[in-house]
Amino acid sequence: MPKPTPLVKRKAVMAHGGDCVSIELIGDSFAEAQTAALEHAAQTGATFIPPYDSIDVMAGQGTLADEIFTSGEGPFDRVYVAVGGGGMASAVAALLKSSWPKVKVIGVEGVDQASMKAAIEMGKPVPLDYVDVFCDGTAVTQVGKLTYPFCRDLLDEIVTVTNAEVSSAIKVCARNCFSKFSMSWARAKRPACSESGA
């Protein structure tokens, strides 16, 4: 993983992988960490699992669409999905459009992380000279060769957002989550009524 990877993400990986996982923080970007991982795999014979540019990985990331379907909401007019390397965005778009053909799926990238937007404008994946790491999970220098055509064909639009807009959205989500948690907690702490209503 790149050195700036947040502790919460590293702890989650360790929690899922346990003794089977060790984390090495290498480089300042995803591209540097991936290069080191590929070199390690070549030297040791380890299997490199691409984080997005693999049909199998994309299928797993696409299960997010299943969560949308099973939420009991929808169909939606629009769905916004984060774009990093394009795996999740392409799979989610494919699955949503297979069930809701009229849905508009809009990819969202950071202003200084717009690698899919650049690929679509150039007609192929191209490396960015600079990638901001504020949103570390989508900080990808170049989108995947497999993910690019899916995103090109399935995303209806790509919008870019600033770090300030991301921060504002996080605050809104946090407030909404806290509000829902508070209401649930208050209901759980409400004293039970007797059968007489007293």
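Remember, it's a predicted structure, so these values are computed and weren't measured experimentally.

A short note on the nonpolar core
- Judged by nonpolar contacts, the single largest core of 19 residues is most densely connected at Val81, Leu96, Val103, Val105, Met116 and Leu155.
- At the level of elements, α4 (63-70), β1 (78-82), α5 (87-99), α6 (115-122) and α7 (147-154) are the ones that each hand at least two residues to this core.
- The leading source of residues in this core is α5, at four residues.
- Setting aside anything within four residues of it in sequence, one finds Met116 in contact with Val83, Gly85, Gly86, Glu109, Val143, Thr147, Tyr148, Cys151 and Ile158.
- By size, the runner-up hydrophobic cluster in this structure holds five residues, among which are Ala118, Leu128, Val131 and Ala139.

Details of the pairing of β1
- By the alternation rule, side chains of β1 split into Val79 and Val81, which are all buried, and Arg78, Tyr80 and Ala82, of which none is buried.
- Sheet topology places β1 next to strand β2 (residues 104-110); five bridges connect them, and they run parallel. Counterpart to Arg78 in the pairing with β2 is Lys104.
- Read as a crossover between parallel neighbours, the route from β1 over α5 to β2 is right-handed.

Description of unusual backbone geometry
- With omega at 5°, the peptide bond leading from Gly74 into Pro75 counts as cis.
- Assignment of secondary structure puts Pro75 in the loop between α4 and β1.

A look at the environment of Asp112
- Turning to its location among the elements, Asp112 is positioned in the loop between β2 and α6.
- In the structure, Asp112 is positioned 51 residues away from Asn163 in sequence and 9.1 Å away in space, judged by C-alpha atoms.

What about the packing of aromatic side chains?
- Summed over the entire model, instances satisfying the criterion amount to three aromatic pairs.
- Seen in terms of ring centroids, Phe69 and Trp100 are 5.0 Å apart; in terms of plane orientation they differ by 90°. Their pairing is edge-to-face. Within this pair, whereas Phe69 is found in helix α4, its partner Trp100 is found in the loop between α5 and β2, the two being separated by 31 residues in sequence.
- Classification of Phe69 as partly exposed rests on a relative accessible area of 26%.
- Here Trp100 falls in the buried class, since its relative accessible area comes to 13%.
- Clustering of aromatic rings is evident, with ring pairs tying together Phe69, Phe76 and Trp100.

Description of the side chain of Lys97
- Within the secondary structure layout, Lys97 lies in helix α5.
- A distance of 2.7 Å separates a polar atom in the side chain of Lys97 from a polar atom in the side chain of Asp156.

Overview of the pattern of salt bridges
- The tally for this structure, following the rule as stated, stands at three salt bridges.
- In this structure, the salt-bridge partner of Lys9 is Asp136, at a minimum N-O distance of 2.7 Å. Remark: Asp136 occurs in the loop between α6 and α7 and Lys9 occurs in helix α1 (residues 7-17); sequence separation between them is 127 residues.
- The salt bridge involving Arg152 is made with Asp153; its shortest N-O contact spans 2.9 Å.
- The partly exposed category is assigned to Arg152, whose relative accessible area is 39%.

Considering the confidence of the model for the protein
- Per-residue confidence for the protein gives a mean pLDDT of 88; residues scoring 70 or more make up 89%.
- Throughout residues 192-198 the model reports pLDDT below 50, and contacts reaching past four residues in sequence, or to other chains, amount to one contact.

Each value, and the rule that gives it
- Residues numbered from 1 in each chain as written.
- Predicted model: local features only at pLDDT ≥ 70, side-chain atom pairs only at ≥ 80, totals over all residues.
- Heavy atoms only, no water.
- Core = buried A, V, L, I, M, F, W, Y, C linked by side-chain atoms within 4.5 Å.
- Buried < 20%, exposed > 50% of the residue type's maximum accessible area, 1.4 Å probe, protein only.
- Helix = DSSP H or I, 4+ residues; strand = E, 2+ residues; numbered from the N terminus.
- Contact = heavy atoms within 4.5 Å.
- Pairing = 2+ DSSP bridges.
- Right-handed = clockwise from strand over helix to strand, strands pointing away.
- Phe/Tyr/Trp six-rings, centres within 6.5 Å; stacked < 30°, edge-to-face > 60°.
- Polar contact = N/O pair within 3.5 Å; in protein donor to acceptor, adjacent residues only side chain to side chain.
- Salt bridge = Lys/Arg side-chain N within 4 Å of Asp/Glu carboxyl O.
- pLDDT = per-residue confidence, 0-100.

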